[in-house]
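Chain by chain, the residues run as shown.
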Amino acid sequence: MVQQRSVEPKAKDKNKHAVSARRDVVTGSIVLVAILMFVGTGSTVMSDSIKSMAGYGGGSENLLVSAFLLNIALILFGWRRYRDLSSEITERTAAEERAHSLAATDPLTGFLNRRTLTERTSEMISLAQRKNKSIAFLMLDLDNFKNVNDVHGHSAGDVVLKEVAQRIANVVPPNNLLARLGGDEFACAFIFDPDQPEMVDRISDDLIDSIAAPIVENSNHLVVTTSIGMSRFDLEDEGVDVLMRRADIAMYSAKKQGRNRFCWFDTSMEQELQTRNTLESGMRTGIPKSEFVPYFEQQVDLATGKLTGFEMLARWESPTQGLVSPEVFIPIAEETGMIGELSLSILRQAFEEAKNWDQSLTVSVNISPVQLLDPWLAQKIVKLLVETGYPPNRLEIEITESSLFENLSLAQSIVGSLKNQGIRIALDDFGTGYSSLAHLRALPFDRIKIDRSFVSSILENSESAAIVKAITGLGESLGMPITAEGIEDRDIETELRNIGCAKGQGWYYGRPLSMEQTRKILAERNLLPAQRVPEPRPTEPSIDDEQTGAPVFLERKVG
Ligand code: C2E
Ligand code: MG
Ligand code: MG
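Predicted model only: the values in this text are computed from it and were never measured.

Each value, and the rule that gives it
- Residues numbered from 1 in each chain as written.
- Chains lettered and ligands numbered in written order.
- Predicted model: local features only at pLDDT ≥ 70, side-chain atom pairs only at ≥ 80, totals over all residues.
- Heavy atoms only, no water.
- Helix = DSSP H or I, 4+ residues; strand = E, 2+ residues; numbered from the N terminus.
- Buried < 20%, exposed > 50% of the residue type's maximum accessible area, 1.4 Å probe, protein only.
- Contact = heavy atoms within 4.5 Å.
- Near = heavy atom within 4 Å.
- Polar contact = N/O pair within 3.5 Å; in protein donor to acceptor, adjacent residues only side chain to side chain.
- Areas by Shrake-Rupley, 256 points an atom, 1.4 Å probe, with all protein chains shown as cover.
- Core = buried A, V, L, I, M, F, W, Y, C linked by side-chain atoms within 4.5 Å.
- Phe/Tyr/Trp six-rings, centres within 6.5 Å; stacked < 30°, edge-to-face > 60°.
- Lys NZ or Arg CZ within 6 Å of the ring centre and 35° of its normal.
- Donors = N, O, S within 2.8 Å, 3.2 Å for Na, K, Ca; no water.
- Axes fitted to C-alpha atoms, helices over the stretch in contact; angles between N-to-C directions.
- Parallel < 35°, antiparallel > 145°, perpendicular 65-115°, else oblique.
- Left-handed = near helix turned anticlockwise from the far one by under 90°.
- Nonpolar A, V, L, I, M, F, W, Y, C, P; charged D, E, K, R; others polar.
- Pairing = 2+ DSSP bridges.
- pLDDT = per-residue confidence, 0-100.

Peer 1: What exactly am I supposed to notice about the overall build of the chain here?
Peer 2: Along the chain, the regular secondary structure elements total 19 helices and 16 strands. Relative to its full complement of 559 residues, the chain shows a buried share of 44%. Counting contacts in the chain only where the partners sit at least 6 residues apart, residues at least 24 apart contribute 71% of the total.

Peer 1: Can you walk me through the site of ligand 1 in this structure?
Peer 2: Around ligand 1, 23 residues are found, and the nearest of them are R315, N366, R452, E488 and W507. At a separation of 2.9 Å, an oxygen atom of ligand 1 approaches a polar side-chain atom of R315. At 3.1 Å from an oxygen atom of ligand 1 is found a side-chain nitrogen or oxygen belonging to D429. When isolated, ligand 1 has an accessible area of 790 Å², and the protein chains bury 87% of it. Put simply, the parts of the chain that give the shell around ligand 1 at least two residues each are β9 (307-318), α9 (326-336) and β13 (424-430). It is β9 that provides the largest number of residues to the shell around ligand 1, a total of four residues.

Peer 1: Explanation requested: the nonpolar core in the structure shown.
Peer 2: Within soluble globular proteins, side chains that are nonpolar generally end up buried alongside one another. In this structure, M283, W357, I381, L395, I397, I399 and L496 are the most contacted members of the largest nonpolar core, which totals 75 residues. Looking at this core, the element that brings in the most residues is helix α10 (residues 339-354), giving seven residues. Here W357 is in contact with F296, F310, T362, V363, R394, T518, L522, L527, L528 and P529, once residues within four sequence places are set aside.

Peer 1: Could you clarify how one ought to interpret the environment of L496 in this entry?
Peer 2: Along the chain, the position of L496 falls in helix α17 (residues 490-499). Residues L496 and T483 lie 13 residues apart in sequence; the distance between their C-alpha atoms is 9.8 Å. Once you skip the residues sitting within four places of it in the chain, L496 turns out to touch L302, V455, I458, V468, A484, I487 and C501.

Peer 1: Can you walk me through the packing of aromatic side chains in this structure?
Peer 2: Each aromatic ring pair is specified by the distance between its two centres and by the angle formed by the two planes. Counted under the stated rule, the structure contains eight aromatic pairs. Aromatic side chains F292 and F329 sit 5.1 Å apart centroid to centroid with 75° between the ring planes, which places their arrangement in the edge-to-face category. Taken together, the residues F292 in strand β8 (residues 292-301) and F329 in helix α9 connect sequence positions 37 residues apart. With respect to class, F292 is no different from F329; both count as buried. Taken together, the aromatic side chains of F292, W316 and F329 make up a single cluster linked through ring pairs. Here R511 stacks its cationic end above the ring of W507, 3.7 Å away from the centre of that ring.

Peer 1: How should the coordination of the magnesium ion (ligand 3) be read in this particular structure?
Peer 2: Geometrically, a metal with four donors at the corners of a regular tetrahedron has ideal angles of 109.5 degrees, and one with six donors at the corners of a regular octahedron has ideal angles of 90 or 180 degrees. For the magnesium ion (ligand 3), the protein coordination sphere consists of D428 (OD), D429 (OD), E485 (OE) and E485 (OE), at 2.0 to 2.6 Å. Written as a sequence motif, the donor arrangement for the magnesium ion (ligand 3) is D-D-x55-E. Taken as a pair, the magnesium ion (ligand 3) and the magnesium ion (ligand 2) show a spacing of 3.7 Å, with D428 coordinating each metal. Residue D428 is found in strand β13, and its partner E485 is found in the loop between β15 (482-484) and α17; the two are separated by 57 residues along the sequence. On the accessibility criterion, D428 (7% relative accessible area) is buried. Its relative accessible area of 7% is what places E485 among the buried residues.

Peer 1: How should I be thinking about the packing of helix α3 (residues 114-130) against helix α7 (residues 240-256) in this particular structure?
Peer 2: Angle between the axes and distance between the axes: these two values describe a pair of packed helices. At a minimum axis distance of 9 Å, the contact between α3 and α7 shows a crossing angle of 110°. With respect to α7, the element α3 is oriented roughly perpendicular. Classified by chirality, the crossing of α7 by α3 is right-handed. For the pair α3 and α7, the contacting residues are L117, T118, T121, S122 and I125 in the first and V240, D241, L243 and M244 in the second. By residue class, the composition of the contact of α3 with α7 is five nonpolar, three polar and one charged.

Peer 1: How should I be thinking about unusual backbone geometry in this particular structure?
Peer 2: For residues that are not glycine, phi is negative in most cases, and the peptide bond is trans in most cases. Notably, N218 is not glycine yet its phi reads approximately 55°, a positive angle. Among the structural elements, N218 can be located in the loop between β4 (215-217) and β5 (220-222). A positive phi angle, near 55°, is found at D429, a position not held by glycine. Within the secondary structure, D429 is located in strand β13.

Peer 1: Please explain the sheet that holds strand β2 (residues 177-182) as it appears in this structure.
Peer 2: Taken in spatial order, the five strands line up as β2-β3-β1-β6-β7 in an open sheet, and their pairing is mixed. Looking at strand neighbours, the two that pair on one side only are β2 and β7 (262-264), the edges of this open sheet. Adjacent strand axes in the sheet meet at a mean angle of 20° when their direction is disregarded. Two elements, strand β6 (residues 226-233) and β7, share three bridges in a ladder whose sense is parallel. Paired with I228 across the strands is F262, a residue of β7.

Peer 1: Hey, could you run me through the side chain of E280 in this one?
Peer 2: Within the element layout of this structure, E280 appears in helix α8 (residues 267-286). A polar contact is formed between the side chain of E280 and the side chain of R284, at a distance of 2.9 Å.

Peer 1: Which parts of the structure should I look at to understand the coordination of the magnesium ion (ligand 2)?
Peer 2: Every protein donor of the magnesium ion (ligand 2) is listed here as E311 (OE), N366 (OD1), E398 (OE) and D428 (OD), and their distances to the metal cover 2.0 to 2.2 Å. In the primary structure, the donors to the magnesium ion (ligand 2) are separated according to the pattern E-x54-N-x31-E-x29-D.

Peer 1: Just checking my understanding: could you explain the confidence of the model for the chain for this structure?
Peer 2: A low pLDDT score tells you not to read the predicted coordinates there in detail. Summary statistics for the chain give a mean pLDDT of 87 and a share of 86% for residues scoring 70 or more. Within the model, the stretch residues 1-13 combines pLDDT values under 50 with 29 contacts to residues more than four positions away or in other chains. In this model, residues 535-559 is a region of pLDDT below 50 whose contacts with residues beyond four sequence positions or in other chains number 41 contacts.

As structure tokens, this is what we get:
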């Protein structure tokens, strides 16, 4: 158990004094009465007894002797009572202390809990103000603790939390506050000299190194890392809530910058958070208003130049922000749990639209790793297909390797159900993540998509060219055709055709198009059966490029 090195509460002292005063009154009065009676009767009885023993007569009256004996009995009683009372009070005090400590601390680590940390930090702030010192407040969050719990079980998780607490206590200077705020989140605060902020950096560095050292549990070497957000209190600053909030914001920034690092709070982070919150609330109101819509990017058969279908890419036509990229809103939707609803709403619109296209055209859709943690995902997609009347064999679902990390067996079962319906599965952005052969075999992929970072630099970067060739060769031997993303000009297209890539997409063929724009190019190419052209929806927002800052679409005829 980690020793708590923090300021003793004043309330506890007061309680102790009250208890000992009570003890003094009870036992004191018993002993006082006994002593008075002893003095009153004892001297007469004793001198009479001595006289009688020496043969001078004397002899106490029976009443006096009885009183004397009663008095001795009273003193014995008083003494016993004193002892009982003392042990009772000791037990009660210990129980009260235990209850107090349980209410103030985290039972697993012995660290303070959140409520007590807030109280003690306020006390520390007053102390620092009196001494003209600063306070460093550190918020620590373990990066991969969930893995430990999932893979090694909760008792291993507890061992890790206790060991991490011990390591924090060893690194942070004395007279600190150490707290566990819940789960894998810890906090500590300590006073430092405002002229030496580098000392705080050093402590954070030591914390990161110390926590990252392997923890041996049941002959397993468990490794967890931590992200630390740091804020400081100086004389003119606001209170404890601001200090904690800033450390929290800085901690999220440390996570975003790649974890296993520390980050001081700065005001731009608050601004960023505010922007993010604005986006989040805009998204909450925008989803039911159908502000999130599908755009379509052409996919082309590289050998024939024929249009084979489209990749559906989400866009937010926001009335206040203009056209917003999925790279901005998808991560927010994933973090906030909106991704499921958002994705299904866009898929529904895409299926409604694409069912009117020529039957040879396919649609590829991106599914987030977070969605693959939903055991009902396959059923939800199949239900959408049935409701919209879009044929499953014209649908391809793109997933990235990171989808396979969290819960591979669930991903396998979802993909199995989708494939049973005739839906095809593509591995997206191959080459950027782990690009492991094991992952290629983990799911029955129908296609590999090479990430655009290799494709668009294939002509000027020999490494990129080697990677594209290697992946194409791999796909050939595994029977998985390749789609190359990010074809930006004719030369890249020629090179990819020579290498043997089956399909391609990229700005050379055109930027992603809105539903109306897609309809227009399909009509021009006789790929939109005339009788099924849907009327434009009257409620659909019409945002032109100038207004929204949307990219200028380069339309190229293929063929
Ligand atoms: P992705 O699936 O790899 O999509 C390809 C991205 O590359 C698209 O960006 C596309 O506009 C861009 N791109 C295509 N050709 C070129 C090119 O020649 N040059 C360059 N520089 N870029 C090209 P976008 O639309 O911004 O989408 C970004 C990512 O957002 C997508 O990457 C995908 O991972 C994600 N995303 C898009 N829509 C959805 C969605 O509905 N659900 C989920 N979960 N993710 C989506
Ligand atoms: Mg994709
Ligand atoms: Mg991709």
